[in-house]
Amino acid sequence: QVQLVESGGGLVQAGGSLRLSCAASRSIFSINAMGWYRQAPGKQRELVAAITTGGSTNYADSVKGRFTISRDNPKNTVYLQMNSLKPEDTAVYYCNTAGRGPRASWGQGTQVTVSS
């Protein structure tokens, strides 16, 4: 069964940093680009960062220069380093596959709250 387990969220002041982790089933991790998504209250879920199996990355304009996505292939884990956090980054963060093809079942996500 495909599983995605996110962790690392929390409450941080504006300007602070957090590092999110996502452990994925090997069955999807090894062959897919992976992404970090977020959903703020009352808003649609959006893709904020993606990384291919080869390590190429892509970022939403809103996080470019502040967030860094990386992956550890032997550990089937994808990370999101978030620096210079802003209140508008407050959301539930999820990981999932990215690019073409269907998404896996969504995990529970991890809450990130940035206070001003």
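For the structure itself, consult the block above.
This write-up is about the structure you can find in this document. Note that the structure is predicted; figures quoted are calculated from it, not measured.

Some points on the overall build of the protein
Part 1: Helix and strand content of the protein: one helix and 10 strands.
Part 2: Listing the helices and strands of the protein from first to last along the sequence gives β-β-β-α-β-β-β-β-β-β-β.
Part 3: Computed over C-alpha atoms, the radius of gyration of the protein comes to 13 Å, within 12% of the 13 Å expected from 2.2 N^0.38 for 116 residues, which places it in the range of a compact globule.
Part 4: Residues counted as buried form 45% of the 116 residues belonging to the protein.
Part 5: Excluding contacts between residues fewer than 6 apart, the proportion of contacts in the protein whose partners are at least 24 apart in sequence is 54%.

What to know about the environment of D72
Part 1: Counting through the fold element by element, D72 comes out in strand β7 (residues 67-72).
Part 2: Along the chain, D72 and T53 lie 19 residues apart, while their C-alpha atoms are 10.0 Å from each other.
Part 3: Residues within four places of D72 in sequence aside, it is in contact with F29, T77 and Y79.

A few points about the pattern of salt bridges
Part 1: Counted by the stated rule, this structure contains four salt bridges.
Part 2: For E46, the salt bridge is made with R38, and the minimal N-O distance between the two is 2.8 Å.
Part 3: Its relative accessible area of 34% is what places E46 among the partly exposed residues.
Part 4: A salt bridge links K64 to D61; the shortest N-O distance between them is 3.1 Å.

Observations regarding the packing of aromatic side chains
Part 1: This model, assessed by the stated rule, comprises two aromatic pairs.
Part 2: Each ring, one from Y37 and one from W106, has its centre 5.1 Å from the other, and the planes form 85°; the classification is edge-to-face. On the criterion of sequence distance, the pair formed by Y37 in strand β4 (residues 33-39) and W106 in the loop between β9 (91-98) and β10 (110-115) is long-range, its members being 69 residues apart.
Part 3: On the numbers, 5.8 Å between centres and 80° between planes, the contact of Y94 with W106 is edge-to-face. With a gap of 12 residues between them, Y94 in strand β9 and W106 in the loop between β9 and β10 connect regions that are remote in the sequence.

Brief notes about the pairing of β7
Part 1: Side chains F67, I69 and R71 project from β7 onto a buried face, and the interleaved T68, S70 and D72 project onto a face without burial.
Part 2: With six bridges connecting them, β7 and strand β8 (residues 77-82) associate as antiparallel partners. Note on β8: the bridge partner recorded for T68 is Q81.
Part 3: What sits between the antiparallel neighbours β7 and β8 is a turn of four residues, in which N76 has the positive phi angle 50°.

Quick look at the sheet that holds β7
Part 1: Across the sheet, four strands lie side by side as β1-β3-β8-β7; this open sheet has antiparallel pairing. Each edge of the sheet is formed by a strand with only one pairing partner; in this case those strands are β1 (4-7) and β7. Averaged over all neighbouring strand pairs, the angle between strand axes comes to 15°, with direction disregarded.
Part 2: Across six bridges, the pairing between strand β3 (residues 18-24) and β8 is antiparallel. Opposite C22, over in β8, you have V78 as the bridge partner.

About the thresholds
- Residues numbered from 1 in each chain as written.
- Predicted model: local features only at pLDDT ≥ 70, side-chain atom pairs only at ≥ 80, totals over all residues.
- Heavy atoms only, no water.
- Helix = DSSP H or I, 4+ residues; strand = E, 2+ residues; numbered from the N terminus.
- Rg over C-alpha atoms; globule rule 2.2 N^0.38 Å.
- Buried < 20%, exposed > 50% of the residue type's maximum accessible area, 1.4 Å probe, protein only.
- Contact = heavy atoms within 4.5 Å.
- Salt bridge = Lys/Arg side-chain N within 4 Å of Asp/Glu carboxyl O.
- Phe/Tyr/Trp six-rings, centres within 6.5 Å; stacked < 30°, edge-to-face > 60°.
- Pairing = 2+ DSSP bridges.
- Axes fitted to C-alpha atoms, helices over the stretch in contact; angles between N-to-C directions.

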